[in-house]
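Take a look at the letters that make up each chain.
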Amino acid sequence: MKYVALVYTNPGAFEALSQAERDAMMSEADVYLKEFTESGEFLGEGFALADPSTGRTVRVRNGVPAVTDGPFAEAKEQLAGFYVLDTESLERATEIVTRDPAARFWAVEVRPIMDTAGAEM
Amino acid sequence: MVEDLLRQFAPQVLGSLVRRYGHFDLAEDAVQEALLAAALQWPEQGIPDNPRGWLITVAVRRLTDELRSDEARRRREERAAAEVPRDKYVEPPLDSEHVPAGADDTLTLFFLCAHPALSPASQLALTLRAVGGLATAEIGHAFLVPEATIAQRISRAKQQIKASRIPFRLPAESERAERLKVVLHVLYLIFNEGYTSSSGPDLQRGELTSEAIRLAREVRRLLPDDGEVAGLLALMLLTDARRAARTSVDGSLVPLAEQDRERWNGSYIEEGVALVTGALARTPLGPYQLQAAIAAVHDEAAQAADTDWPQIVVLYELLERISPNPMITLNHAVAVAMVKGPQAGLELLGSLDADRRLAQHHRLDAVRAHLLEIAGDRAAARASYQRAARRTTSLPERRYLDARANRLTSDAQ
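Residues numbered from 1 in each chain as written. Chains lettered and ligands numbered in written order. Predicted model: local features only at pLDDT ≥ 70, side-chain atom pairs only at ≥ 80, totals over all residues.

What am I meant to see in the overall build of chain A here?
The helix and strand inventory of chain A stands at 3 helices and 6 strands. Counting from the amino terminus, chain A carries its helices and strands in the arrangement β-α-β-β-β-β-α-α-β. Its C-alpha atoms give chain A principal-axis dimensions of roughly 55 × 45 × 20 Å. When the 121 residues of chain A are sorted by exposure, 18% land in the buried category. The contacts in chain A between residues at least 6 apart in sequence include a share of 73% that link residues at least 24 apart. (Helix = DSSP H or I, 4+ residues; strand = E, 2+ residues; numbered from the N terminus. Buried ≥ 20, exposed ≤ 12 C-beta atoms within 10 Å, placed from the backbone. Contact = placed C-beta atoms within 7 Å.)

When you look at the overall build of chain B in this model, what are you seeing that I'm missing?
A count of helical and extended segments in chain B gives 18 helices and 0 strands. Overall, the C-alpha framework of chain B stretches about 80 × 45 × 45 Å when taken along its three principal axes. By the burial criterion, 42% of the 413 residues in chain B qualify as buried. Residue pairs at least 24 apart in sequence account for 62% of intrachain contacts in chain B once pairs closer than 6 positions are excluded.

Mind showing me how you'd approach the nonpolar core here?
Buried together is how nonpolar side chains tend to be arranged in soluble globular proteins. Residue and element names in this part refer to chain B. V13, L17, A27, V31, A59 and L187 are the most contacted members of the largest nonpolar core, which totals 126 residues. If you tally residues by element for this core, the top one is helix α10 (residues 227-240), at 9 residues. Looking at this core, you find at least three residues from each of domain 1 (1-95) and domain 2 (325-413). Setting aside residues no more than four positions away along its own chain, L187 makes contact with A212, L215, A216 and L232. (Core = buried A, V, L, I, M, F, W, Y, C linked by C-beta atoms within 7 Å. Domains from an automatic or database assignment.)

Explain unusual backbone geometry here, please?
It is generally the case that most residues other than glycine have a negative phi and that most peptide bonds are trans. Positive phi values are uncommon outside glycine, yet N62 of chain A reaches one of about 50°. As for its position among the elements, N62 of chain A is in the loop between β3 (56-61) and β4 (64-69). Residues other than glycine seldom take positive phi values, yet H23 of chain B does so here, at roughly 50°. When you line up the elements, H23 of chain B lands in the loop between α1 (2-21) and α2 (24-45). Looking at H23 of chain B, the number of C-beta atoms within 10 Å reads 22, which means it is buried.

Help me understand the interface of chain B and chain A in this model?
Much of the literature gives interface size as the accessible area that the parts lose upon coming together. Facing 26 residues of chain B, the contacting portion of chain A comprises 18 residues. Element by element, the count of residues in the side of chain B that touches chain A is highest for helix α7 (residues 147-163) of chain B, at 4 residues. Residue composition of the side of chain B that touches chain A, grouped by class: 12 nonpolar, 8 polar and 6 charged. (Nonpolar A, V, L, I, M, F, W, Y, C, P; charged D, E, K, R; others polar.)

Which parts of the structure should I look at to understand the sheet that holds strand β1 (residues 2-9) of chain A?
All names here are of chain A. In spatial order, the strands read β2-β5-β1-β6; together these 4 strands make up an open sheet with antiparallel pairing. The open sheet has two free edges, formed respectively by β2 (42-48) and β6 (107-112), since each of these has just one partner strand. Sheet twist, expressed as the mean angle between neighbouring strand axes with direction ignored, is 20°. Pairing analysis gives 6 bridges linking β1 to β6, with the strands arranged antiparallel. The residue of β6 that forms the bridge with V4 is R111. (Pairing = 2+ DSSP bridges. Axes fitted to C-alpha atoms, helices over the stretch in contact; angles between N-to-C directions.)

What am I meant to see in the pairing of β1 of chain A here?
Regular strands place their side chains on alternate faces of the sheet. Pairing of β1 of chain A with strand β5 (residues 78-86) of chain A involves 8 bridges; the strand directions are antiparallel. When the sheet's bridge partners are listed, V4 of chain A is paired in β5 of chain A with V84 of chain A.

How should helix α2 (residues 90-97) of chain A be read in this particular structure?
For an α-helix the count is 3.6 residues per turn, leaving residues at separations of three or four pointing the same way. Residues and elements named next belong to chain A. Among all positions of α2, only A93, I96 and V97 are buried. Taken end-on, α2 shows its buried residues confined to a sector of 95°, consistent with a single buried face. Those residues of α2 that are exposed and aimed more than 90 degrees away from the buried face are E91 and E95. The elements touched by buried residues of α2 are β1, α1 (19-38), β5, α3 (101-105) and β6. (Arc of directions from axis to C-beta.)

Looking at this structure, how should I read α10 of chain B?
With 14 residues, α10 of chain B should reach 20 Å at 1.5 Å per residue; the first-to-last C-alpha distance of 20 Å fits that figure. The element α10 of chain B is largely enclosed, with a buried count of 14 among its 14 residues. (Expected span 1.5 Å × (residues − 1).)

Is there a simple way to explain the environment of A130 of chain B in this structure?
All names here are of chain B. When you line up the elements, A130 lands in helix α5 (residues 120-131). Taking the number of C-beta atoms within 10 Å as the measure of exposure, A130 has 26 and is therefore buried. The residues touching A130, leaving out its near neighbours within four places in the chain, are P11, L14, E28, L109 and C113.

Hey, could you run me through the confidence of the model for chain B in this one?
Low pLDDT marks regions whose predicted coordinates should not be analysed in detail. Residue and element names in this part refer to chain B. With 91% of its residues at a pLDDT of 70 or more, chain B shows a mean pLDDT of 89. Counted against residues more than four places away or in other chains, residues 84-99, with its pLDDT under 50, gives 14 contacts. In the predicted assembly, ipTM is 0.83 and pTM is 0.87. (pLDDT = per-residue confidence, 0-100.)

Please explain the packing of α2 of chain B against helix α3 (residues 51-76) of chain B as it appears in this structure.
When two helices pack together, their arrangement is given by the angle between the helix axes and the distance between those axes. Residues and elements named next belong to chain B. Running from N to C, α2 and α3 cross one another at 135°; their axes reach a closest spacing of 8 Å. In this view, α2 runs oblique relative to α3, as classed from their interaxial angle. As α2 packs across α3, the resulting crossing turns out to be right-handed. Each of L26, A27, A30, V31, E33, A34, A37 and A38 in α2 lies in contact with α3, whose residues at this interface are L55, V58, A59, R62, L63, E66 and L67. For the contact of α2 with α3, the per-class residue count stands at 12 nonpolar, no polar and 3 charged. (Parallel < 35°, antiparallel > 145°, perpendicular 65-115°, else oblique. Left-handed = near helix turned anticlockwise from the far one by under 90°.)

Help me out: how do you make sense of the packing of α2 of chain B against α7 of chain B in this one?
Residue and element names in this part refer to chain B. Where α2 meets α7, the axes come as close as 9 Å, and the angle between the chain directions of the two elements is 145°. Across from F24, D25 and E28 in α2, the residues of α7 making contact are K158, I161 and K162. Residues belonging to the contact of α2 with α7 are distributed by class as follows: 2 nonpolar, no polar and 4 charged.

Explain the environment of A137 of chain B here, please?
Among the secondary structure elements, A137 of chain B is positioned in helix α6 (residues 136-143). The spatial distance from the C-alpha of A137 of chain B to the C-alpha of R357 of chain B is 34 Å, given a sequence separation of 220 residues.

How do you make sense of the environment of L352 of chain B when you look at a structure like this?
Residues and elements named next belong to chain B. Turning to its location among the elements, L352 is positioned in the loop between α15 (342-350) and α16 (362-375). For L352 and L364, which are 12 residues apart along the polypeptide, the C-alpha to C-alpha distance reads 8.1 Å. Once residues within four sequence positions are removed from consideration, L352 is found in contact with P326, T329, L330, L358 and L364.

Here is the structure:
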């Protein structure tokens, strides 16, 4: 079963860490990535997202596109990155994500990816 | 077909290499390279007179090259003293003119690839590559997983085999039955992966069903007297027989009761029925045989209304006794409802609400919705369909369940 792990951070969260904390987190993240790539459960690469203020939001209403910059930083948590796991169960995916250093500082949401396969009932 | 020929030879060639030289990990790579070379050369230059001999020769050359460079590396690193002498892994060479047919080797490979020390994902990947002769990229396509991840699972499996010193021989008689269960379960999982996806854009995944059937036939050829092997093959055939009818033109799922039975595969049904009938008569009862027997009862009904539900109830009762599992209780409840009415089925479902394995499962809600619909409780049926639709992680299932819920909404007006 495939799951996406969505890493949520608070705006400015990374900047708020001390240099030592940042270094520790990066090297921990490397170890994390390596361990679960070797176990064959981490699919491909993870993606870190640029700050939301560098992106755009598109809404098409009645055929008319409305494109806005951002979203700009608000107080709530923002999607900062994601990666995909392929594991036996949600329990196993949860167990893996618990080891993600980002989960210690911020939050990692684990969501099943819908399968295009299905059983008739 | 060159490809079919190569897949048929793959486990035999690998078996003779490992038997002669040990080093399962390197031998498996060497065989893959030989298969690739043959896939490139044979269509152009013609199939050699002794194709198996050709593959063995090429694979042995690759393997000895690899061992030599391995050896050199080892010497360079001056670690030789810490290594187990290579002789320990090497068995006396066989006369290449008199290589045996390799039947036992193939069976040994099945057991090795499904060794309980390996993770299920690794067991599947290794079985498809080492016994099935599939390339890593093909396995990746089939499971919608990057090739690199499959390569990782295979290499991890090989490291575990090496590190645990798992010998290349059949498991001892005392553990053979337990180990065979794992082999069959791996084939069952490969089949399911392909069967559930045999619609829409995922045709490549659907090929896994044919591969699982081919491998199950191979195990049956090697163990013709085992009832569960026959049962599993029968179950696969009787299930796959419905493949063409299980989805409509737009790719949506068609429930068993509404399938166009003209489109079922008659020769698979015939073969499956014969297999399971023979197994039930001659061998000890087992869960695959019973599941195949249930599939056979469905497949033998010319119309859904002709289904012999009382017989299906009896078979589920037996199945629950020898292999209790909430999924079986769920299907049992459907059969009971068909015989005694929806209320009896719903009562049986009530016993599953406390089961933590199933409480959150969309199938429980889906079955309950179905039975409530038959009972005429449309509002409760709709709510159950909607709950099932939210809980499934399959897109076609969600579409089906949403459609059932919507139908009740609009008809209710």
